[in-house]
Amino acid sequence: MNLTSILAALYRDFGYPSSPPPAITTRLTYFVNRAHRELLTLPELSRLRNSVTPATVTASTARTGLPVDVARILHITDRTNQIKLTEVPLS
């Protein structure tokens, strides 16, 4: 279920036409997003917040960028050798 289908169900449940005024759409979208954020803060749903984001790194490149949606790195795995990488201090 995506935002469009959730909004369509809300329009139907509240008796709005399939294309209500923008103020109604904005208000309902705000409430759907707020409820979504509250649900994802529940400890039982922590797996839904974590996802795998592949990043291709080339040899002899000191730095690489990650997508904007990455908030925290839990671990990094070398997929070629299936090794979980560990942090090594520069010293």
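The sections below set out a description of the structure shown in this document. (Residues numbered from 1 in each chain as written. Predicted model: local features only at pLDDT ≥ 70, side-chain atom pairs only at ≥ 80, totals over all residues. Heavy atoms only, no water.)

1. A few points about the overall build of the chain
Formally: The helix and strand labels rest on DSSP assignments: H or I over at least four residues marks a helix, E over at least two residues marks a strand, and numbering proceeds from the N terminus. Exposed residues in this analysis have more than 50% of their type's maximum accessible area, buried residues have under 20%, and partly exposed residues fall in between, with area computed by a 1.4 Å probe over protein chains only. Whether two residues are in contact is decided by their heavy atoms: any pair within 4.5 Å suffices. Charged-residue counts in this description rest on Lys and Arg as positive and Asp and Glu as negative, His and the chain ends being excluded. In this description, the location of a charge corresponds to atom NZ of lysine, CZ of arginine, CG of aspartate or CD of glutamate.
The secondary structure content of the chain amounts to three helices and two strands. Reading the helices (α) and strands (β) of the chain from amino to carboxyl end gives α-α-α-β-β. By its C-alpha atoms, the chain is 65 × 30 × 25 Å across when sized along the principal axes. The buried share among the 91 residues of the chain stands at 9%. Sequence-distant contacts, at least 24 apart, represent 15% of the contacts inside the chain between residues at least 6 apart. For the chain, the separation between the mean place of its 10 positive charges and that of its 6 negative charges on side chains is 3 Å.

2. Quick word on the pattern of salt bridges
Selection rule: Should a side-chain nitrogen of Lys or Arg be within 4 Å of a carboxyl oxygen of Asp or Glu, the pair is scored as a salt bridge.
Following the criterion strictly, the structure yields one salt bridge and no others. In this structure, the salt-bridge partner of glutamate 38 is arginine 34, at a minimum N-O distance of 3.9 Å. Note that glutamate 38 and arginine 34 are positioned in helix α2 (residues 22–40) at a spacing of four residues, about one turn of the helix. In this structure arginine 34 comes out as partly exposed when scored by relative accessible area, which is 35%.

3. Examining α2
Using the following cut-off: Take the residue count of a helix, subtract one, and multiply by 1.5 Å to get its expected span. Here the arc refers to the set of directions running from the helix axis out to each C-beta atom.
Between its terminal C-alpha atoms α2 stretches 27 Å, which fits the 27 Å expected from 19 residues at 1.5 Å a residue. Those residues of α2 not exposed but buried are Ile24, Leu28, Thr29 and Val32. Buried residues along α2 cover an arc of 125 degrees about the axis, so they all sit on one side. In α2, the exposed positions that point more than 90 degrees away from the buried face belong to Pro22 and Thr26. Contact partners of the buried residues in α2: α1 (3–14).

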